[in-house]
Amino acid sequence: SIELKNKEIDKSAAFLVELKSSDPSNSLIEQKELELEKLNAENNKLKLKKYELTTAKENLKEASQNSDLKFLDNDTRLYIETNINFATSTEDSRPDAQAGTGTLGIKFERKFIYGRVRFTVFSKNDEIDSEGIADTKIFGSNLLIPENSSSSISNFSFLLGTKSFYKFESVQQDEPLLSKKRIGGYVQFSIYNTNWVKSDVTLPVTTTVLDLHATYRLLSLDIEGENNGRADLYLLAGYSNRRLGGDYGLKANIEERNNFIGTDELGFDAINIGARLEISHFFGQVNLTNFGDKGIAGFSGNQAVITIGFNANLNLKAKGSKDK
């Protein structure tokens, strides 16, 4: 080791000094000087090897830290999001067919990319109950607007989208009205749980929803005044799917499924078009869907759904990488 080599060098140097002072003409002096030079050379090699090893360890540690920093989303903004909205079908105005919900979740934005995860924490309808044995429309309305009922905190929604399919740096603030750079899109997956009640029969129902939509930002304006936000108008069009599950989807309940909505089918596909207006924290949206001619009252054919609501975001500050 370097420590032992240093002791050996000190001992040899001390002997050489003593020898020179006591007998300057001693023939051993030259030999001891050569031995001391050799020991110093070996010691320097050990020091160099130790330095190279220490440097390599430090470089490895720095490389590991830098590889982690590359995944720090310093440009990402994170929010706690609360949402209150009301939705209704133009075909069914009964309270059980209308949605009044409150959600809580996390939202993020990174340049054009955005996403959110929401959980329903309040719903004005705990379950969907028919008004009589012949009433199937209330269940069709729930299938159209599955968020209008929730048993406890049992509804979940995940959305991921982009405001434009072009690179953020390539889009200008004054893009032409008919520019392709105004086209974006999103995918949304949701799970809704409730109970359908008809006469003395109660079935737990899980409705999964998949939406694949393209969006077009028609207008985007700053509202005059300090901190008044923005006004954005979007057009949207795409595909929507509903699938029924839970106990309702069991083979043993095929007959009951016919009693609830007049068919034992579980999956339904639709084309949807709509528009969404956002003014600061408030929004309004209209959707026109067509799930085909399945003969389900309150659901099949052309159905219009109107939604209004309020969003509030609490910005969460994340620790970013240090400037280098």
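Residues numbered from 1 in each chain as written. Predicted model: local features only at pLDDT ≥ 70, side-chain atom pairs only at ≥ 80, totals over all residues. Heavy atoms only, no water.

### Focus: unusual backbone geometry
Peptide bonds are, in most cases, trans, and in most cases residues other than glycine have a negative phi.
Moving on, step 1. Positive phi, normally seen in glycine, also occurs at Lys 111, with a value near 55°.
Moving on, step 2. Here Lys 111 is to be found in the loop between strand E2 (99-110) and strand E3 (113-123).
Moving on, step 3. Under the relative-accessibility criterion, Lys 111 is labelled partly exposed at 37%.
Moving on, step 4. A positive phi is found at Ser 280, a non-glycine position, where the angle reads about 55°.
Moving on, step 5. Turning to its location among the elements, Ser 280 is positioned in the loop between strand E9 (267-279) and strand E10 (282-290).
Moving on, step 6. On the basis of relative accessible area, Ser 280 is assigned to the partly exposed category, the value being 37%. (Helix = DSSP H or I, 4+ residues; strand = E, 2+ residues; numbered from the N terminus. Buried < 20%, exposed > 50% of the residue type's maximum accessible area, 1.4 Å probe, protein only.)

### Some thoughts on the pattern of salt bridges
Moving on, step 1. Within the structure shown, the criterion is met by 13 salt bridges.
Moving on, step 2. Among the salt bridges present, the one from Lys 111 reaches Glu 169, with a minimum N-O distance of 3.0 Å. Residue Lys 111 is found in the loop between E2 and E3, and its partner Glu 169 is found in the loop between strand E5 (156-162) and strand E6 (183-198); the two are separated by 58 residues along the sequence.
Moving on, step 3. What emerges from the salt-bridge pattern is a single network uniting Asp 92, Arg 94, Glu 131 and Asp 135. (Salt bridge = Lys/Arg side-chain N within 4 Å of Asp/Glu carboxyl O.)

### A word on the pairing of E5
Moving on, step 1. Of the pairings in the sheet, the one linking E3 to E5 comprises seven bridges and is antiparallel in character. Pairing of Arg 116 across the sheet is with Leu 159, part of E5.
Moving on, step 2. With seven bridges connecting them, E5 and E6 associate as antiparallel partners. What sits directly across from Thr 162, in E6, is Gly 185. (Pairing = 2+ DSSP bridges.)

### A few points about the confidence of the model for the protein chain
Moving on, step 1. Taken residue by residue, the protein chain gives an average pLDDT of 84. The fraction at 70 or more is 90%.
Moving on, step 2. Confidence drops under pLDDT 50 across residues 319-324; counting only partners more than four residues distant or on other chains, this segment forms eight contacts. (pLDDT = per-residue confidence, 0-100. Contact = heavy atoms within 4.5 Å.)

### Regarding helix H3 (residues 137-144)
Moving on, step 1. In terms of burial, H3 is a largely internal element, seven of the eight residues being buried.
Moving on, step 2. Within H3 the residues assigned to the buried category are Ile 138, Phe 139, Gly 140, Ser 141, Asn 142, Leu 143 and Leu 144.

### Some thoughts on the side chain of Asn 125
Moving on, step 1. Tracing the backbone shows Asn 125 in the loop between E3 and strand E4 (128-129).
Moving on, step 2. Non-local contacts of Asn 125, meaning those with residues more than four positions away in its chain, are made with Pro 95, Asp 96, Gln 98, Asn 148, Ser 149 and Ser 150.

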